[in-house]
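Chain by chain, the residues:
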Amino acid sequence: MFWVLLLLLAWAVAGTACTRLCLAAVRTAAVDTGTGHGHDLTLYEAAFLSGGPARVADLTLVSMARQRRLLLAHTGWATVVDPRGRDDMERSVIGAIGPEGQSRIAPVRSAAADTDAVRSLGEGLVRAGLAVPDAAARTTVASGVRQVRAAAVAVLGLGVVALTLPAPTGMPRDLVAVWFALPLTLTLSCLAIARVEAHPYSRWASPAGLRLLGTLNRRANRAADDHSLLASVAVRGIRAIGEPELRAAFAHRDQLPRE
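For the structure given in this document, a descriptive report is provided here. (Residues numbered from 1 in each chain as written. Predicted model: local features only at pLDDT ≥ 70, side-chain atom pairs only at ≥ 80, totals over all residues. Heavy atoms only, no water.)

1. Topic: helix H4 (residues 105-113)
Phase 1: Within the span of H4, buried status applies to Ile105, Ala106, Val108, Arg109, Ala112 and Ala113. One side of H4 holds all its buried residues, which, seen down the axis, span an arc of 165 degrees. (Buried < 20%, exposed > 50% of the residue type's maximum accessible area, 1.4 Å probe, protein only. Helix = DSSP H or I, 4+ residues; strand = E, 2+ residues; numbered from the N terminus. Arc of directions from axis to C-beta.)

2. Here's the deal with unusual backbone geometry
Phase 1: Phi at Arg68 is positive, roughly 60 degrees, even though this residue is not glycine.
Phase 2: Topologically, Arg68 is positioned in the loop between helix H2 (43-66) and strand S1 (70-72).
Phase 3: Accessibility expressed as a relative area gives 64% for Arg68, which makes it exposed.

3. Considering the side chain of Asp82
Phase 1: Examined against the element boundaries, Asp82 turns out to sit in the loop between strand S2 (77-80) and helix H3 (88-97).
Phase 2: Owing to a relative accessible area of 14%, Asp82 belongs among the buried residues under this scheme.
Phase 3: Of note is the side chain of Asp82, whose polar atom sits 3.1 Å from the backbone nitrogen of Arg84.
Phase 4: Not counting the four nearest positions on each side in its chain, Asp82 is found in contact with Arg69 and Ile94. (Polar contact = N/O pair within 3.5 Å; in protein donor to acceptor, adjacent residues only side chain to side chain. Contact = heavy atoms within 4.5 Å.)

4. Considerations on the layout of surface pockets
Phase 1: Put simply, the second largest pocket is a space of about 260 Å³.
Phase 2: Taken together, Ala65, Arg66, Arg68, Leu70, Leu71, Leu72, Ala73, His74, Glu243, Glu245 and Leu246 make up the full set of residues lining the second largest pocket.
Phase 3: Sorting elements by how many residues they give to the lining of the second largest pocket places S1 first, with 3 residues.
Phase 4: Classifying every residue of the lining of the second largest pocket gives 6 nonpolar, 1 polar and 4 charged. (1 Å grid on protein atoms, 1.4 Å probe; cavity = no way out; pocket = protein on both sides within 12 Å on 5 of 7 lines; lining within 4 Å. Points joined across faces, edges and corners; volume = space filled by probe spheres on them. Nonpolar A, V, L, I, M, F, W, Y, C, P; charged D, E, K, R; others polar.)

5. Quick notes on the packing of aromatic side chains
Phase 1: For the coordinates displayed, the defined rule picks out 1 aromatic pair.
Phase 2: Pairing Phe48 with Trp204 gives two aromatic rings, centres 5.6 Å apart and planes at 65 degrees, and the pair type is edge-to-face. You can see Phe48 sitting in helix H2 and its partner Trp204 sitting in the loop between helix H7 (173-197) and helix H8 (207-222), a full 156 residues away along the chain. Each member of the pair Phe48 and Trp204 is classed as buried. (Phe/Tyr/Trp six-rings, centres within 6.5 Å; stacked < 30°, edge-to-face > 60°.)

6. Things to note about empty space enclosed by the protein
Phase 1: The tally for this structure, following the rule as stated, stands at 1 cavity of 30 Å³ or more.
Phase 2: Considered as a void within the structure, the largest cavity measures approximately 30 Å³ in volume.
Phase 3: Around the largest cavity, the lining residues are Val56, Ala57, Thr60, Met89, Ser92, Val93, Ala112 and Val118.
Phase 4: Among the secondary structure elements, those contributing two or more residues to the lining of the largest cavity are H2 and H3.
Phase 5: Here the residues of the lining of the largest cavity sort into 6 nonpolar, 2 polar and no charged.

As structure tokens, this is what we get:
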């Protein structure tokens, strides 16, 4: 009856993950007292709320590249054209590239995302009630959804192991499958409910921040100027970039430089 132990483990995994998701949803609803009215998001703030520090670095790189003050080659290298940064974010990127004025995009992106300027931006959004504090990052709906997804995969895996055990189970295998279908159904149901009630999920933005992001995104979709393009990059990431060469430059961002 080893499959019973696997079934109990499946229920424990599914129950724990679903409980955490429910608690995260309740906690989020309880603290959602802000509306975000009166706060116009800057592009940097929108980037942080959408994708965190890394998105801010991406937006800064794209913005400087479109202004021809930074060259992003399709080979994945960044070259400084204008060394005078217009704000703290741009100065952070230029400083991350280094005194030689040229560097791979991946280390530049990583270093620029971990600067005081980006941290100050995040702290300001937290104080405004638009961003989720780092201490609460593991208790958001987004993290709960990830845990339930992982639990669903784990339950499915445990069920497969139970059905493929060489030893006799003492019960028809189709009935064993039904028993494992119950915790799997629980996890899938929680995901479906979260999709309806709490989507979109965000690792960074509070509910008030998500509402402002939705407003910004609708404005960007209605316009076609350069600011709207950068707003799309801030909200959706580099996949919103239309230029093939610029997208090719970012396609190398996660590759290690060759010696």
